[in-house]
Amino acid sequence: MDRQTAENTITEYLKPVFGFTLKRCRTIEDAEDLSQEILLKAFRALLIKDDINDSSKFIWTVAHNALSNYYRDSAKTMVGVSLDEAAELIADPGVACDLDDNVDIIRSLQREIAYLSKIQRKILIAYYFEKRRQADIAKSLGIPVGTVKWHLFEAKKVLKRGIDMMRETSELKFNPVRFHSFGVNGSTGKKSPEEFFRSGLVQNICYCVRNTAKTVHEIADDLGVSPVYVETEVEYLEEYGFLQTKRDKYILNFIISEPTDELLVMQNDMYKRAAELFANELYDELVFSGNLNDPDIICRQTDEFIDFDNPKTDYNFLLWTLIPYIAACSGEELKEKHITFEEAATIRPDGAQNIVHASVVPDEMSMPEEYAYMEKWSGPMWNVIDGEMFWQIDSRWSDRPSAADRNVPEEAKKVISYRHFEDALSRYDYAWLAERGYIRTCGNARGTFRILWQIVVLRSSDINDRLLAIGGRIKKKYKAEFTAISEPYRKAVLESTPAHLRKVQEYELQSLFYSDGHFLLHCILCLLKNGKLKEPTEDQKKALSTLIVKM
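Residues numbered from 1 in each chain as written. Predicted model: local features only at pLDDT ≥ 70, side-chain atom pairs only at ≥ 80, totals over all residues. Heavy atoms only, no water.

(A) Structural context of the overall build of the protein chain. Looking only at helices and strands, one finds 22 helices and 13 strands in the protein chain. The burial tally for the protein chain puts 49% of its 551 residues in the buried class. Residue pairs in contact within the protein chain that sit at least 24 positions apart in sequence constitute 71% of those at least 6 positions apart. (Helix = DSSP H or I, 4+ residues; strand = E, 2+ residues; numbered from the N terminus. Buried < 20%, exposed > 50% of the residue type's maximum accessible area, 1.4 Å probe, protein only. Contact = heavy atoms within 4.5 Å.)

(B) Structural context of the environment of Glu 285. Of note, Glu 285 is situated in helix 14 (residues 261–288). Glu 285 gets classed as partly exposed once you look at its relative accessible area, which sits at 30%. Note: C-alpha distance between Glu 285 and Ile 474 (189 residues apart in sequence) is 9.8 Å. Setting aside anything within four residues of it in sequence, one finds Glu 285 in contact with Asn 291, Ile 470 and Arg 473.

(C) Expanded view of helix 19 (residues 461–477). If you check helix 19, its first and last C-alpha atoms are 24 Å apart, about what 17 residues at 1.5 Å a residue would give, namely 24 Å. Where helix 19 is concerned, the buried positions are Ile 463, Asn 464, Leu 467, Leu 468, Ile 470, Gly 471, Gly 472, Ile 474 and Lys 475. (Expected span 1.5 Å × (residues − 1).)

(D) Quick peek at the side chain of Arg 490. With respect to the element layout, Arg 490 can be found in helix 20 (residues 479–495). Dropping the residues within four chain positions of it, Arg 490 is found in contact with Glu 336, Leu 509, Gln 510 and Leu 512.

(E) Molecular detail of the sheet that holds strand 5 (residues 297–298). Spatially, five strands are ordered 5-12-13-9-8 in an open sheet, and the strand pairing comes out mixed. Two strands in the sheet have a free side with no partner beyond their single neighbour: strand 5 and strand 8 (378–385). Examined bridge by bridge, strand 5 and strand 12 (residues 456–458) share two bridges and lie antiparallel to one another. Its bridge partner being in strand 12, Ile 298 is matched across the sheet by Val 457. (Pairing = 2+ DSSP bridges.)

(F) Structural context of the packing of helix 11 (residues 200–208) against helix 13 (residues 227–239). Look at helix 11 against helix 13: their axes get within 10 Å of each other, and the N-to-C directions meet at 75 degrees. What the angle tells us is that helix 11 and helix 13 run roughly perpendicular. Where helix 11 abuts helix 13, its residues Leu 201, Val 202, Ile 205 and Cys 206 lie against Tyr 229, Val 230, Glu 233, Val 234 and Leu 237. A breakdown of the residues in the contact of helix 11 with helix 13 according to their chemical character gives eight nonpolar, no polar and one charged. (Axes fitted to C-alpha atoms, helices over the stretch in contact; angles between N-to-C directions. Parallel < 35°, antiparallel > 145°, perpendicular 65-115°, else oblique. Nonpolar A, V, L, I, M, F, W, Y, C, P; charged D, E, K, R; others polar.)

(G) Fine view of the pattern of salt bridges. Enumeration over the complete set of coordinates arrives at 23 salt bridges. In this structure, Asp 222 and Lys 214 form a salt bridge, with 2.5 Å as the shortest nitrogen-oxygen distance. Each of Asp 394, Arg 400, Arg 406, Glu 411, Glu 435 and Arg 436 takes part in a single network of salt bridges with overlapping partners. (Salt bridge = Lys/Arg side-chain N within 4 Å of Asp/Glu carboxyl O.)

(H) Region of the structure containing helix 14. Taking 1.5 Å per residue, 28 residues should reach 40 Å; helix 14 reaches 40 Å between its end C-alpha atoms and fits that length. Maximal helix bending in helix 14 amounts to about 30 degrees, located at Ala 275. (Bend = angle between axes of the 7 residues up to and from the residue.)

(I) Layout of the state of the cysteines. Going through the model one piece at a time under the given rule, you end up with zero disulfides. Summary of cysteine pairing: Cys 206 is not part of a disulfide, and the nearest cysteine sulfur, belonging to Cys 208, is at 9.9 Å. Residue classification places Cys 206 among the buried residues on the basis of a relative accessible area of 0%. The cysteine Cys 526 is free of any disulfide, with Cys 523 supplying the nearest cysteine sulfur at 7.2 Å. What makes Cys 526 buried here is its relative accessible area of 12%. (Disulfide = S-S within 2.5 Å.)

(J) Region of the structure containing the environment of Lys 214. By the element assignment, Lys 214 lies in the loop between helix 11 and helix 12 (216–223). Looking at Lys 214, the relative accessible area reads 19%, which means it is buried. Those residues in contact with Lys 214, other than ones at most four positions away along the chain, are Cys 208, Val 209, Ile 219, Asp 222, Asp 248, Lys 249 and Tyr 250. One polar contact links Lys 214 to Asp 222, side chain to side chain, over a distance of 2.5 Å. (Polar contact = N/O pair within 3.5 Å; in protein donor to acceptor, adjacent residues only side chain to side chain.)

In structure tokens form, the structure reads like this:
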């Protein structure tokens, strides 16, 4: 933005920004200093940025960020809530004093009202702020009048005790965490994980109770926020099984991992060694034994429409699907199964049954140089519809919206249905399939309209069983090596897991080298590195690693 435009913009916001700070700062001097800081930061940014489409939104974002820093540094707010915001919710129950002379007392009182129990807050607000009679309050809450009187008496004692004490916060107040990643093992319901972990507050509540059960007030103290906000979030998280209750305390009910450099190196080395054993032998078995020519393996993927009747034009594309599929699903009979999915998973009110895991990576930690990060990875994902399974993984090599941004079960249902009724499809249906890369449409020299399915299909359960048997034999051959390779990692992971979640963690570790995204990723990387697999073409990326299996 040119200088004159930036100056005009800042001039326009001189009064609004000062009014904003004046309402929220303790003194006029603080408001003047803060407004100057906001406008100076905004002015400098406007001069060097050319991509600010909404100047108003940008300036108010700067203002709110600066105000947050002011609250944090001065520690003069009611745990992050301004006096104006608090006045709508709470009242002064008995301290008659002038705001200018007694601001600290009033703010302390407002803070402590937020620490009352929900029932005491309701009664206190109704009685002192709404000026309602005790009998009316009792009737609306369905409790005796004597109980209302008792809560009012107890609330006053709690307020006095709270004002006299010094509350201590943890490092999370000034250095909150953010989830680096999170994922789901199992079925999702009507709500996606993003809906549950939608805010930094929710993520920090979960992190705060990952090892130790805490009350709402203890969580609020650790985070330096009002218990009113914590109370709502923990009830929601507990309802959906992300937190467990122990009397009046909450503790995490899913795994948050905090990887260290040492653990990441150990993990990466384990998967790399296992993949080198498995992936190379699987590739050779598939390619040199003639398995890819089986007529029950259908794949019409081709870069150009030159051979419509050849069922598999591109073996490389075919292997991009079969290798991770066989790596994930073969050798199930070899797995340790002393803990079942039903024992480890949580059933949630929205219909989901799954295991959720998240990771928190310290800011100062750098990924090991050779660490294989699961960039843009989702899966394996599978959905069974009418005796056929739709199986898919998303990766850095595929080009489609992430699983979080599309309804994969619904997509699977449509793809399987459309394959069986392709002669009856509408133009809209063809367009939907083509847009997602599942088909290509074309015409031939005779003017006949054709569609070419771009995904891999195993059209009999027999070919599916034979392919998985190949992977099973290889895994059985290297079972002892796999166990030796993984044992140090298993031990380290379990030692870092809170005792109440070790059963869930043990279940997850049973899938090492099976339906394990890290293992599939390393199999792909191993074959790319030695040149056996080739990078997919741009036209192949939408349909990459997508399979339909006749069960």
